[in-house]
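Structural features, examined
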Amino acid sequence: MPESLICAGCSLVCDDVTARRDGDKLCLEPECALGAAWLAERSHTLGDTPAATIAGDAVDLETAIDRAAQLLREARRPLVHGFAAATIEDARAAVTLADRVGAIVATRPPAQPWPGAPAFALRGSSTATLGEIRDRSELLIVWHEDPETTHPRLLNRLGFGQDGSPTHVDGLRTLIVIDDRDTATARRADVALDWPSDRDVEALAELFDRFDGVRHATIVYGPALAAGAGGQRRELALHELVRRLSHEHHVVTLSLPRAAGTRGADDVLAWQTGYAGVVDLARGHPQLLTATGPLVEHERIDLALCVEDDRHALPDGITTISLSSVPAPAGSLSSVLTRDGADVWINTAAAGVAAAGTLHRLDGVPLTLHPPLQSTAPTAAYVLTRLLQATDI
Amino acid sequence: MTEIRISGGAVHDPANDVDGEIRDLCLKDGKVVSDVGPGARRIDARGMVVMPGGVDIHAHIAGPKANLARKLSPDTRRADPLERSDLVRSGTGGLVPSTFATGYRYSLLGYTTVIEAAAPPLAARHVLAELRDTPMIDKAFLILMGNNQVLFELIRESAGAVSPQLRDAVAWWLAATGGYGVKLVNPGGVEVFKQSNGDVDGIDAQVPGYGVTPRQVLEAIGGAVHELGLPHPVHVHANDLGVPGNAATTLQTMEALSGRQAHLAHLQFHAYGGRPGGLPRSRAPQLLDYLADHKELTADVGQVMFGDAMTMTADGHVSAVLRDLDGGKWVNHDTEVETGCGIVPFTYKAGNYVHALQWGIGLELFLLGSDPWQVMLSTDHPNGGSFLSYPKLIRLLMDRAFRDDQLGRANQQAIKRTALLDGLDREYTLNEIAIITRAAPARRLGLEHKGQLGIGADADVTIYHDRPDREEMFSTPRYVIKAGELVVEEGDLRRVDDGLLLSSSAPFDGDIDRVLEPLFADRYTVSFEHYPVDDPALREPATIVRATP
C-alpha cells in the first residue's frame with residue numbers, strides 16, 4: 001500500500017513522495033536515490049537495539065540521561081551541534097538546554113574551518129521559494145554544485161528538463177552549470193562552463209549580457225562557494241552582484257544546505273538568540289562567534305552534545321553525547337554500540353520515518369512530517385527536555 | 001488562581017466610560033470580577049493610574065521576515081543583551097529582538113496583546129513556532145492575501161464580486177493556518193514587483209496575467225471578510241506606500257472600502273501630497289476628513305520616530321526603492337503564489353526634510369483627528385521605530401512643551417508644511433491614551449474581553465505611577481497583571497506566562513477543497529494535503545474567536 005511521505009533525505013524536503021514496499025525493499029515514487037537511501041536507513045530495525053549506551057555498554061534511557069546530565073554539569077565549555085536530521089522541535093529544545101547550561105550552539109561543522117561571520121549579515125541577499133523560481137526563472141545558473149547528486153530532485157522540481165514539473169514560464173529556459181568537474185548536473189546543462197571554483201563570481205555578469213532579455217534568473221550555490229580561504233568574500237561578492245543585477249533583472253539566489261535539519265536549526269537559533277550560525281551562551285547572554293578556525297580547537301570544547309547527526313568526527317579528548325537514530329543497514333549493531341566512541345549515545349526515533357515534527361525546507365518553507373512508522377524510541381526533543389530537567393542548573 | 005484587589009487607583013477604562021474615577025478593581029480566575037474575598041492580595045494603587053493592558057494592533061514580531069531581519073542585524077544587538085536568570089531565557093534586543101526578549105519587553109512596557117500584522121500563509125508553521133516562543137503576551141497573526149494568485153483566479157472568475165467560493169476560500173485559509181485576520185499589502189503590486197521589479201499603477205490598473213485590479217482585490221477580499229463577519233475587518237496596507245502623491249491612492253482605497261468595515265495600516269506612510277519623484281507634502285487633514293465621515297474605517301498611524309529603524313515589509317518594491325536610496329543592507333524574499341518580503345535597515349533623521357515631514361504627518365494624524373477611536377497608536381514596529389519608543393510618542397501627544405521642543409529640532413522646511421506650527425495646542429488626556437493604546441485596538445480586533453475592565457473582561461491590567469514626565473511614566477509601569485497574575489513589578493519581571501494564541505474561525509463549505517486543490521497543484525510546490533497546519537503543538541492551546549456574520 002503506497003504511503004504518503006515527506007522525505008527528509010536532503011534539504012529539499014519533498015512532500016510529493018509515496019513509499020511502497022517491493023519485497024524487502026522500500027521504494028520511493030518519484031524515484032530518488034538519496035531519498036530511498038534515507039528511508040532504508042531509518043526504517044531498518046536492528047534486533048536488540050538498546051535504548052542507549054554508556055561507553056558502549058547498553059543501558060536504559062534514564063541511566064543514560066542521568067549520566068549525560070552529569071557530564072553536562074561537569075563540562076567547562078560544552079558545545080551543542082549537529083542538527084542534520086533535527087526537527088524544529090528538536091532545535092528549540094536544544095537551544096533551550098544550551099541557554100540553561102551556557103553552551104555554544106553551532107549549526108555548522110565544528111571541526112572544520114569556516115568562513116566566519118555570515119555574508120548575509122553584511123549585505124543581505126535576494127532569495128525565493130522553489131515555486132517562484134520554477135514559475136519565473138528563465139535562467140538557472142548553478143555555481144560549482146552538483147544538485148543531481150546532492151539534491152536529486154531539485155532540477156525537476158524547478159521545472160528544468162523534459163520530465164520536470166510544469167512551469168508557468170513561457171518560452172525557453174536555460175540551465176547553465178559552472179563547474180570544472182564532470183558532474184551529473186553539468187551533463188544536464190544547456191550550457192556547461194568549465195570555470196575554476198576560485199574564479200571571481202563577478203564573471204557571472206557576462207552571462208546576463210549574453211542572455212540579453214532575460215527578466216528572471218536564479219543563481220544556485222552551496223557550501224563550495226563559502227568553503228576555504230576567502231569564502232566569506234566570495235559569498236559577499238555573489239550577493240553584491242545580485243544586488244547590482246537586480247536593477248535590470250529580477251535575480252534571486254538559492255542556497256543548497258545538504259541536510260534537512262540545517263535550515264530549521266539555524267532559524268530556531270536566530271529567533272531564540274537573535275543570531276544565526278554559531279552562538280555562545282556561556283556568559284549568560286547570546287554572543288555571535290565569528291572566528292574562522294575549527295570551533296572545537298578555537299574554543300577549547302571539552303564536551304560535545306550532537307543532536308541528530310552522524311557526520312562529525314571530533315578530536316580525541318572531547319567528551320561526546322550523541323542523540324541519534326540508528327543508521328542501518330549502513331551501520332551494524334556493534335558499530336552503533338560504540339557509536340564513534342560516544343561516551344553516551346541515546347537512540348532516538350528518526351524524524352519523518354518514526355517521529356513527527358517540523359522541518360524548514362532549504363527555501364525556508366516549513367513542513368510537518370507525517371511518519372509512516374512508529375517507534376518506541378523517544379524524539380531528540382523529548383530527550384533534550386529531560387536532560388534540561390536532569391541537569392538542574 | 002490569585003485574587004487581587006487593586007485599591008484606590010484612578011481607573012481609565014474608556015470602553016466603559018470610566019475616566020479617571022477612583023475605584024477598586026477586583027480580579028479573580030483571570031477575569032475582572034465585582035468583588036473578591038478578604039484574603040485577596042491588595043495592591044495599593046493610590047496616586048496611580050490604572051488601565052487595561054496595552055493592545056498593539058500592528059507590529060512585526062515573528063515569522064520568516066522578522067527572523068531574516070534578526071540574522072541581518074547582529075550589529076544592532078551586541079550592545080543590547082538580555083541575561084538569562086532562573087526566571088527568564090536569555091536573548092538580545094535591538095530593533096528586532098529575539099522572541100523571548102520581545103515578549104518580556106512588551107510586558108515590561110505594560111502591553112499584554114500584540115498582533116503580528118503580516119504573515120505569509122505558507123509560513124504559518126514558522127510564525128506559530130516563533131509565537132509559541134514569545135512569552136508574556138497574547139498574540140495573533142494576520143495572513144497575507146492581497147497578492148495570492150489562487151485568490152486572483154477566484155476574483156477574476158467572479159468579475160470582482162464577493163463569490164461564495166471566495167468567501168469559503170478566505171475562511172479555509174484562516175482555518176488552514178491558525179491566522180486571526182486578513183491582511184492586504186499593496187494589492188496586486190507585490191505580484192507586479194515579482195514579475196517585473198515594478199509596481200501596479202494605481203488601483204484600477206490590471207495585474208498582468210491575472211485580469212484583476214487592486215480595486216477588485218480590495219472590494220472582493222474586503223467584502224468577503226466583511227460578509228464572513230470575522231472579528232477583525234480586512235487590514236489594508238494600501239498601494240503606493242511612501243510615494244509622494246499617494247494620498248490620492250489612499251483616498252481611492254478608502255472609497256473602495258467604504259460601506260464595509262476596514263482598517264488601514266500605518267496611515268502616515270500613505271498620507272503624502274506632491275508628485276512622484278518630487279518632495280512630499282502632508283495630506284493628513286484630507287485623510288482625516290474622510291475618516292470623520294466614514295466611521296466604518298479605522299487606521300493606525302505608523303508613526304516615524306527619529307533614530308534607527310528596520311523597514312520590513314511584504315511590499316518588496318518599497319524595499320527595492322529604499323535599497324537604492326540607502327545603499328546599505330537589503331533582503332528580498334519572494335514567496336510563491338502569495339507574497340514577497342523586503343528588509344532594509346533605515347535611519348530617520350530629524351534634519352532630513354522627508355523624514356521630518358513623515359514624523360510631522362504622523363503627529364498631525366494623532367492631533368488633528370477628532371475621534372481617537374478611529375486613529376490608533378503604532379510605529380508599525382520596527383518600520384517607523386521600535387515599540388520601545390511608544391512612551392516617547394505618548395509624551396509627544398500629551399506634553400505640548402516637549403513636543404514644541406522636539407519640533408524645533410526637526411527640519412523646519414518640512415515642519416512648516418504641516419499644521420504643527422499653527423498653534424496646535426492639543427494635548428492628549430490619559431483617557432485618550434487609553435483609547436488609542438488599548439480600548440480602540442481591542443474593539444477593532446473584535447477582542448471583547450480585552451482593552452476594557454468591565455466585569456468579565458480579561459484581567460490584563462497595567463498600573464502606572466502618575467508622573468508628570470509621561471515618557472518616564474509609560475516606560476516603567478508600577479505593576480502589570482496578565483490573566484490575573486502579577487507579572488511585572490517596578491520594571492522587573494516577577495512571573496513568566498506563556499500568553500495565549502488567538503485565532504479566528506468562520507464556517508465554510510468543505511467543497512471548497514475541490515476548487516482549491518487543482519489550483520494548488522498548478523501553483524504551489526507544497527501539496528494541498530500538506531499545506532494546512534495540523535500539528536497540535538503549534539495550534540493548541542488557542543483562544544478561538546468565532547465570526548459573527
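The structure under discussion appears in the preceding block.
So, here is what we can say about the structure in this document. (Residues numbered from 1 in each chain as written. Chains lettered and ligands numbered in written order. Predicted model: local features only at pLDDT ≥ 70, side-chain atom pairs only at ≥ 80, totals over all residues.)

**Quick notes on the pairing of strand S9 (residues 139-143) of chain A**
All names here are of chain A. Across the 5 residues of S9, 5 count as buried, placing the element largely inside the fold. Where burial is concerned, the two faces of S9 agree: the one with Leu139, Ile141 and Trp143 and the one with Leu140 and Val142 are both buried. As paired strands, S9 and strand S10 (residues 174-178) are joined by 5 bridges and run parallel to one another. When the sheet's bridge partners are listed, isoleucine 141 is paired in S10 with isoleucine 176. Of the pairings in the sheet, the one linking S9 to strand S12 (residues 216-221) comprises 4 bridges and is parallel in character. Paired with valine 142 across the two strands is valine 220, which belongs to S12. (Buried ≥ 20, exposed ≤ 12 C-beta atoms within 10 Å, placed from the backbone. Helix = DSSP H or I, 4+ residues; strand = E, 2+ residues; numbered from the N terminus. Pairing = 2+ DSSP bridges.)

**Digging into the interface of chain A and chain B**
Contact with chain A, which involves 46 residues of that partner, is made by 49 residues of chain B. If you list the elements that add at least two residues to the side of chain A that touches chain B, you get helix H3 (88-101), helix H4 (120-123), strand S8 (126-128), helix H5 (130-136), strand S13 (250-255), helix H12 (262-273), strand S19 (357-360) and strand S20 (366-369) of chain A. A breakdown of the residues in the side of chain A that touches chain B according to their chemical character gives 17 nonpolar, 17 polar and 12 charged. Bridge count for S8 of chain A against strand S18 (residues 331-334) of chain B is 3 bridges, and the pairing is parallel. Looking across to S18 of chain B, one finds that serine 126 of chain A is bridged to asparagine 332 of chain B. (Contact = placed C-beta atoms within 7 Å. Nonpolar A, V, L, I, M, F, W, Y, C, P; charged D, E, K, R; others polar.)

**Observations regarding the pairing of strand S21 (residues 461-465) of chain B**
Residue and element names in this part refer to chain B. Of all 5 residues that make up S21, 4 are buried, and the element is covered over most of its length. In the sheet, strand S5 (residues 48-52) pairs with S21 via 5 bridges, with the strands oriented antiparallel. Bridge assignment links methionine 51 to a residue of S21, and that residue is threonine 462. Here 3 bridges tie S21 to strand S22 (residues 479-482), and the two strands are oriented antiparallel to one another.

**Considerations on the packing of helix H4 (residues 149-157) of chain B against helix H5 (residues 164-177) of chain B**
All names here are of chain B. In contact at an axis separation of 9 Å, H4 and H5 are set at 160° when each is read in the N-to-C sense. With respect to their mutual orientation, H4 and H5 come out roughly antiparallel. Handedness of the crossing formed by H4 with H5: left-handed. On the side of H4, the interface is formed by Leu151, Leu154 and Ile155, while H5 contributes Gln165, Leu166 and Ala169. Tallied by class, residues from the contact of H4 with H5 come to 5 nonpolar, 1 polar and no charged. (Axes fitted to C-alpha atoms, helices over the stretch in contact; angles between N-to-C directions. Parallel < 35°, antiparallel > 145°, perpendicular 65-115°, else oblique. Left-handed = near helix turned anticlockwise from the far one by under 90°.)

From the geometry alone we can't say anything about function, so treat these as descriptive.
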